[in-house]
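Coordinate inspection notes
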Amino acid sequence: MSEEPHDKLLPEGLEDEPTRAGLKKVTEGQWAGWYHYEPSDAFEDHTGPFYCKPERKKMICGFMPDEKNCNAGGNIHGGSLMTFADYALFMIAGGMNNEVHGVTVTCNCEFVNAAVPGKLLVARGEVVRAGLSMVFVRGIIYDSDDGDRPVLAFSGSIKRLPARDRG
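Please read these numbers as outputs of a predicted model, since none were measured by experiment.

Definitions and limits used
- Residues numbered from 1 in each chain as written.
- Predicted model: local features only at pLDDT ≥ 70, side-chain atom pairs only at ≥ 80, totals over all residues.
- Heavy atoms only, no water.
- Buried < 20%, exposed > 50% of the residue type's maximum accessible area, 1.4 Å probe, protein only.
- Helix = DSSP H or I, 4+ residues; strand = E, 2+ residues; numbered from the N terminus.
- Pairing = 2+ DSSP bridges.
- Salt bridge = Lys/Arg side-chain N within 4 Å of Asp/Glu carboxyl O.
- 1 Å grid on protein atoms, 1.4 Å probe; cavity = no way out; pocket = protein on both sides within 12 Å on 5 of 7 lines; lining within 4 Å.
- Points joined across faces, edges and corners; volume = space filled by probe spheres on them.
- Nonpolar A, V, L, I, M, F, W, Y, C, P; charged D, E, K, R; others polar.

Attention now goes to the pairing of strand β4 (residues 58-63). Among the six residues of β4, five are classified as buried, and the element is accordingly described as predominantly covered. For strand β3 (residues 50-55) and β4, the ladder comprises six bridges, and the chain directions are antiparallel. The residue of β4 that forms the bridge with F50 is F63. Taking the residues between adjacent antiparallel strands as the criterion, β3 and β4 are bridged by two residues, where R56 takes a positive phi near 50°. Bridge analysis of β4 against strand β6 (residues 121-130) gives four bridges, and the strand direction is antiparallel. Across the sheet, C61 pairs through a bridge with A123, a residue of β6.

Below, the structure is given as structure tokens:
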């Protein structure tokens, strides 16, 4: 890989508390110690909600699917898993310290196991390359209640865009 400054992998490390705008720490309930992104994304919150936190100098994401996320067969619908993977792309890309503004260019998903409601799903991944205009990420969603059984492998690219004022 190039050694140019614009080609450094993100994030280098994570702080104990986020410097990334919008991450709010959950202080009670099953998600205590995790962070929720605010202002929220209505579609992601309807599908999820989704959460994130640092783990061993990397960002991980969490999702507890329930009955609303099921397909007719009683397993978690692929669309719910793909929405969670898209959320994870951005959270992994920026980590706790650097928000990545942009749009998803590609999101490739391979379903490797079924997921069921009521079991914690965790996404872990890494930035493969971060350039001036594109960020490439890959990861796996695991059923953490079942010995980190892989459920979905994903990879994607993000086209960086200037942050828009949401006001």
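This next bit is on the pattern of salt bridges. Evaluated as defined, the whole model comprises five salt bridges. With a shortest N-O distance of 2.8 Å, R149 and D146 are connected by a salt bridge. Look at the salt bridges and you will find they share partners, linking E55, R124 and D148 into a network.

Taken as a whole and assessed by the stated rule, the structure comprises one cavity of 30 Å³ or more. In this structure, the largest cavity is lined by H36, Y37, P39, S40, D41, E44, D45, F50 and Y87. Contributions of two or more residues to the lining of the largest cavity are made by β2 (35-37) and α1 (42-47). Here the lining of the largest cavity is built from residues that sort into four nonpolar, two polar and three charged.

For the rest of this paragraph, the subject is unusual backbone geometry. The linkage connecting G48 with the following residue, P49, adopts the cis geometry, with an omega of 5°. Summarising the element assignment, P49 is placed in the loop between α1 and β3. One non-glycine residue, D148, lies in the positive phi region at around 55°. With respect to the secondary-structure elements, D148 resides in the loop between β7 (134-143) and β8 (149-160).

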